[in-house]
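Architecture at a glance
Next come the chains, spelled out residue by residue.
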Amino acid sequence: MALPKSLVATLTPDELTFLAEEDRVQIVPLFSMTRVRLLSGIYGPFQPPSATTVPLWLALSLKKKRKCRIVPPEWMSADRLQALLKDEKENAEGFEPLPRRFIETSKVLLDLASDDLYSPTMLRSLLKDLREVRQAKIRLGLQSEGVMRGSYLQVTNLTPLELSELKPFLVKAMGMMQSLEPRGDEEEGQGNDGALGGYTQQSI
Amino acid sequence: MSSFFDDDDEDESLPVARRQAGPPQQWGNGAKASSSRSLSREQSLVSESSLEVGGGGTGSRSFLTRLESTISPRRGRYSESIGLDSVLDGEDAAHDIGIGHEDNDELDLDLDDDPDLDDVQRMCRVWVKERGTVDIMQWEGDLMDTLFDKLEQQAKMVNTLRSDPQTSEEEHFKLVLVQTEMERVKFLIRSYVRTRLSKIEKYCQYILSTPTVHPLLSGAEMSHAKRYAELLHTHFQHSVLDSLPEWLRGMEDTYGDGMSMVAKPNKNVPVLIYCRKDCGEITLEGGEAAALAKGTTHLVKYNLVESWINLGWAEVL
């Protein structure tokens, strides 16, 4: 098949990390080099004490060669994360707005550049707490009455990674619910996509 | 030598039009520099070979010709790529400016950051959009052409610079970076094309029977859809249909309950969208309204937000 089944439903965490690696990050190079022109832009010059902005993948590749120090994003500090965690816990109704790819970014930074972070263990546990608080909220939200009834869900401030975890389940569930609904108004535009409720419709 | 490495201190904030004036000149210099360098190298080689007694002569001679053969075509390539690149950049600039104007005319100024995106980021968006939806999206021909051209140029330069013994350590390091990025972009393109291919194969009958979908596909994709549908049809006929009674042989029949044999994209499948602009309200099937305010994220049936997605106001996640 052109696209493996496992990739059809949603983007995988690896692919999301790939996207996160396109984001820009500040580095302090430990070597000097003139500017380099890549497809996505011109980066550099790399001159030791002064910082420069590069895509995350470039920063990580330099980091692996011990040629730079990555300046962690502003939200990746214990203080900020503690504040975010507190807000997240207090906000029972919704989710706190977080950087779009905070899970992916923090994961690769903790894995590959933990020596550039201030107290990485602390950060790791804070990020884990933050993620678990949000996951608990998601689970609670899904249990509430009526979420599965319609075919619409507001998911503001959830990050793409969290959404991609949920998407296959939600899409499937919504398809099921739709096919169980009394027929009538859904005649137009009704495809018979075998992957989604099509079978159910036939067998009912 | 300075092909894609910027050695001069040109300012990035310069307008695009002025920036383009830079590279051709710079490359001209590069070509000249390399040719003069090759001259001195030939001289040094000659002196070396004259020092060597015996069999060395033929060896260094063949090395000389090899050197020449790597250099002379490169000179040609430089001039070629100068032309190509300036044309390309010109198109790019025109494209960018075009988008910018449209945005200024039609939409609010501050909301859209599209013109700031580079090609790779744009490609990421396009890919995510294709992956996130069930329907077939518009084929991004211009973007693909630009990326392919750039990739090809990069590949040529990497090859010439790599085989050139004159390339310095620093440049070899840059080459590694360039190649890493090329692989990333290639992955994106591959995955994008494969996603489209799987959709096309799945819905080939629907595509062929619906003329409104045809402009969404590239020429190659269209001919693939045709050939694939043909193959599938002949296969079914040979294996099963020919041995069935005449009235059971149809491949595009519709059952009594309105189910068709032609698989088409189910536009009721929900998509995840992030509203980059205020998209107003949509009416759900229950009669309820949902506001798609700027900066909010929704999981909503594709057919309800199709127009916003196509406008780019809603970004697929």
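Residues numbered from 1 in each chain as written. Chains lettered and ligands numbered in written order. Predicted model: local features only at pLDDT ≥ 70, side-chain atom pairs only at ≥ 80, totals over all residues. Heavy atoms only, no water.

1. Thoughts on the sheet that holds strand β1 (residues 24-29) of chain A
All names here are of chain A. Taken in spatial order, the 3 strands make up an open sheet running β4-β1-β5, and their pairing is antiparallel. Edge positions in the open sheet fall to β4 (52-55) and β5 (68-71), since each of these has one partner strand only. The average undirected angle you get between the axes of adjacent strands in this sheet is 45°. One ladder, built from 4 bridges, connects β1 with β5; its direction is antiparallel. (Pairing = 2+ DSSP bridges. Helix = DSSP H or I, 4+ residues; strand = E, 2+ residues; numbered from the N terminus. Axes fitted to C-alpha atoms, helices over the stretch in contact; angles between N-to-C directions.)

2. What about the domain arrangement of chain B?
Residue and element names in this part refer to chain B. When cut into domains, chain B gives domain 1 (115-248 + 258-265) and domain 2 (266-316). Each of domain 1 and domain 2 has a C-alpha centre, and these two points are 26 Å apart. Taken residue by residue, the interface counts 10 residues in domain 1 and 10 residues in domain 2. Taken together, the two surfaces of domain 1 and domain 2 that pack against each other cover about 850 Å², and 57% of this comes from carbon and sulfur. Taken together, the connections running from domain 1 to domain 2 amount to 2 salt bridges. In this structure, Asp135 engages Lys267 in a salt bridge whose closest nitrogen and oxygen atoms are separated by 3.3 Å. Counting every contact that joins domain 1 to domain 2 gives 4 residue pairs in polar contact (both at pLDDT 80 or more). Residues that form the side of domain 1 that touches domain 2 fall into these classes: 4 nonpolar, 2 polar and 4 charged. (Domains from an automatic or database assignment. Contact = heavy atoms within 4.5 Å. Buried area = accessible area lost by both parts, 1.4 Å probe. Salt bridge = Lys/Arg side-chain N within 4 Å of Asp/Glu carboxyl O. Polar contact = N/O pair within 3.5 Å; in protein donor to acceptor, adjacent residues only side chain to side chain. Nonpolar A, V, L, I, M, F, W, Y, C, P; charged D, E, K, R; others polar.)

3. Comments concerning the nonpolar core
Counting residues in hydrophobic clusters, the biggest one holds 63 residues, and the most contacted among them are Ile27, Phe46, Val54, Ile70 and Met76 of chain A. Ignoring sequence-local partners within four residues, the contact set of Met76 of chain A consists of Ser106, Leu109, Leu110, Leu117, Leu123 and Leu127 of chain A. (Core = buried A, V, L, I, M, F, W, Y, C linked by side-chain atoms within 4.5 Å. Buried < 20%, exposed > 50% of the residue type's maximum accessible area, 1.4 Å probe, protein only.)

4. Notes on the sheet that holds strand β1 (residues 270-275) of chain B
Strands sit in the order β6(A)-β4(B)-β1(B)-β5(B) across an open sheet of 4 strands; the sheet is antiparallel. Whereas interior strands pair on both sides, the edge strands pair on one side only; in this sheet they are β6 (152-154) of chain A together with β5 (314-316) of chain B. Taken pair by pair, the neighbouring strands of this sheet meet at an average axis angle of 30°, ignoring direction. Together, β6 of chain A together with β1 and β4 (297-301) of chain B form the strand contacts of helix α7 (residues 160-180) of chain A, whose direction differs from that of β1 of chain B by roughly 130°.

5. Some details on the interface of chain A and chain B
Contact residues are listed per partner, giving 58 residues for chain A and 68 residues for chain B. Summing both partners gives a buried area of about 5700 Å² for chain A against chain B, and 57% of it is carried by carbon and sulfur. Looking at the side of chain A facing chain B, the largest losses of area belong to Arg35, Arg37 and Leu39 of chain A, adding up to 15% of the total buried there. Along the contact surface separating chain A from chain B lie 5 salt bridges. For Glu15 of chain A, the salt bridge goes to Arg131 of chain B, with nearest N and O atoms at 2.9 Å. Seen at the junction of chain A and chain B, the total is 18 residue pairs in polar contact (both at pLDDT 80 or more). Those elements that place two or more of their residues in the side of chain A that touches chain B are α1 (5-8), α2 (13-20), β2 (36-38), α3 (56-64), β6, α7 and α8 (198-203) of chain A. With 7 residues, the single largest contributor to the side of chain A that touches chain B is α7 of chain A. Among the residues forming the side of chain A that touches chain B, the class breakdown is 27 nonpolar, 17 polar and 14 charged. For β6 of chain A and β4 of chain B, the ladder comprises 3 bridges, and the chain directions are antiparallel.

6. What to know about the UniProt feature "domain: DNA replication complex GINS protein PSF2 N-terminal" (unreviewed entry) in chain A
Those residues carrying the UniProt feature "domain: DNA replication complex GINS protein PSF2 N-terminal" (unreviewed entry) are residues 12-71 of chain A in this numbering. As annotated, residues 12-71 of chain A comprises 28% helix and 33% strand, and the C-alpha atoms at either end are separated by 27 Å. (UniProt positions renumbered as here; feature names shortened; annotations may be inferred.)

7. Points about helix α5 (residues 102-112) of chain A
Residue and element names in this part refer to chain A. Of all 11 residues making up α5, 8 are buried, and the element is well covered by its neighbours. For α5, the set of buried residues is Phe102, Ile103, Glu104, Thr105, Ser106, Val108, Leu109 and Leu110. In this structure, the buried residues of α5 make contact with α2, α3, β5, α6 (120-143) and α7.

8. Side note on the side chain of His298 of chain B
One can find His298 of chain B in strand β4. Taking relative accessible area as the criterion, His298 of chain B reaches 0% and is therefore assigned buried. Among all residues touching His298 of chain B, those that are not within four sequence positions of it are Tyr152, Leu153, Gln154 and Val155 of chain A together with Val271, Leu272, Ile273, Cys275, Ala291 and Leu292 of chain B.

9. Some words on the UniProt feature "domain: GINS subunit" (unreviewed entry) in chain B
The residues that UniProt annotates with the feature "domain: GINS subunit" (unreviewed entry) are residues 155-236 of chain B. The span residues 155-236 of chain B is 82% helix and 0% strand, and its two end C-alpha atoms sit 44 Å from each other.

10. Regarding unusual backbone geometry
Residue and element names in this part refer to chain A. Cis geometry is adopted by the peptide bond preceding Pro45, which originates at Gly44 and carries an omega value of -5°. Mapping Pro45 onto the fold places it in the loop between β3 (41-43) and β4. The backbone phi angle of Arg66 is positive, close to 55°, even though this residue is not glycine. Inspection of the secondary structure puts Arg66 in the loop between α3 and β5. Looking at Arg66, the relative accessible area reads 69%, which means it is exposed. Backbone geometry places Ser119, a non-glycine residue, at a positive phi of 45°.

11. Comments concerning the pattern of salt bridges
Residue and element names in this part refer to chain A. This structure, assessed with the given rule, holds 27 salt bridges over all chains. One salt bridge in this structure joins Asp116 and Lys63, with 3.0 Å as the shortest N-O distance. Residue Asp116 is located in the loop between α5 and α6, and its partner Lys63 is located in helix α3; the two are separated by 53 residues in the primary sequence. When its relative accessible area of 13% is taken as the criterion, Asp116 is described as buried. Lys63 gets classed as buried once you look at its relative accessible area, which sits at 11%. Note that Glu165 is salt-bridged to Arg131, the shortest N-O span being 2.6 Å. Separated by 34 residues along the polypeptide, Glu165 in helix α7 and Arg131 in helix α6 bring together distant segments of the chain. For Glu165, a relative accessible area of 40% puts it in the partly exposed group. When salt bridges that share partners are traced, they join Glu88, Arg134, Lys137 and Glu162 into one network.

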